[in-house]
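Geometric and topological summary
Chain residues, written in single-letter form:
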Amino acid sequence: IESPCVFDHAGRWYLFFTTNSGHPIRYQHAGSPTADSTGWVGTYRLYDNEPTTDAWFTPEFLRVGGHEYFAAVNSANRGIEIREMVWTGVASFVVKTE
């Protein structure tokens, strides 16, 4: 894996990272940012929340006021995508396109 990004949301910690799989951005969550490998739950794919993200890599996170943003490099358009995250569950969210 590469480009790990760790942040907190609603009492949980999230670890986003890039893999060399067909759906490159994956993530897990835990109760503590220092949890060992058994404390991190799941290996979710960003693709499952937003299927148009297969060209994305190098995830980043930004919080501004009450808003949370997900950013990544988009190899398809050679740009950087910055999208607001709207959480729908513990491990699920949508990235707004507008």
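These lines cover the structure that appears in this document, whether it is placed above or below. Just so it is clear, the model here is predicted, and its values are computed rather than measured.

Side note on the overall build of the protein chain
Along the backbone of the protein chain there are 1 helix and 8 strands. Listing each helix as α and each strand as β along the protein chain from the N terminus yields β-β-β-β-α-β-β-β-β. Based on the C-alpha atoms only, the size of the protein chain along its principal axes is roughly 35 × 30 × 20 Å. Within the span of the protein chain, comprising 98 residues, buried residues form 37% of the whole. For the protein chain, restricting intrachain contacts to residue pairs at least 6 apart in sequence, the fraction spanning at least 24 positions comes to 29%. Entry remark: accessible area of the protein chain is about 5,500 Å², with carbon and sulfur atoms responsible for 53%. Side-chain charges of the protein chain comprise 7 positive and 11 negative groups, with the mean position of each set lying 2 Å from the other.

Side note on the pairing of strand β6 (residues 67–74)
Direction of pairing for strand β5 (residues 56–64) relative to β6: antiparallel, over a ladder of 7 bridges. Looking at β6, one finds that Glu 60 is bridged to Ala 71. Pairing of β6 with strand β7 (residues 79–87), which is carried by 6 bridges, proceeds in the antiparallel orientation. Bridge pairing links Val 73 to Ile 80 in β7. If you look at the hairpin formed by β6 and β7, you'll find 4 residues sitting between the two strands, and Arg 78 has a positive phi there, around 55°.

How each quantity is defined
Residues numbered from 1 in each chain as written. Predicted model: local features only at pLDDT ≥ 70, side-chain atom pairs only at ≥ 80, totals over all residues. Heavy atoms only, no water. Helix = DSSP H or I, 4+ residues; strand = E, 2+ residues; numbered from the N terminus. Buried < 20%, exposed > 50% of the residue type's maximum accessible area, 1.4 Å probe, protein only. Contact = heavy atoms within 4.5 Å. Areas by Shrake-Rupley, 256 points an atom, 1.4 Å probe, with all protein chains shown as cover. Lys, Arg positive; Asp, Glu negative; His and termini not counted. Charge placed at Lys NZ, Arg CZ, Asp CG, Glu CD. Pairing = 2+ DSSP bridges.

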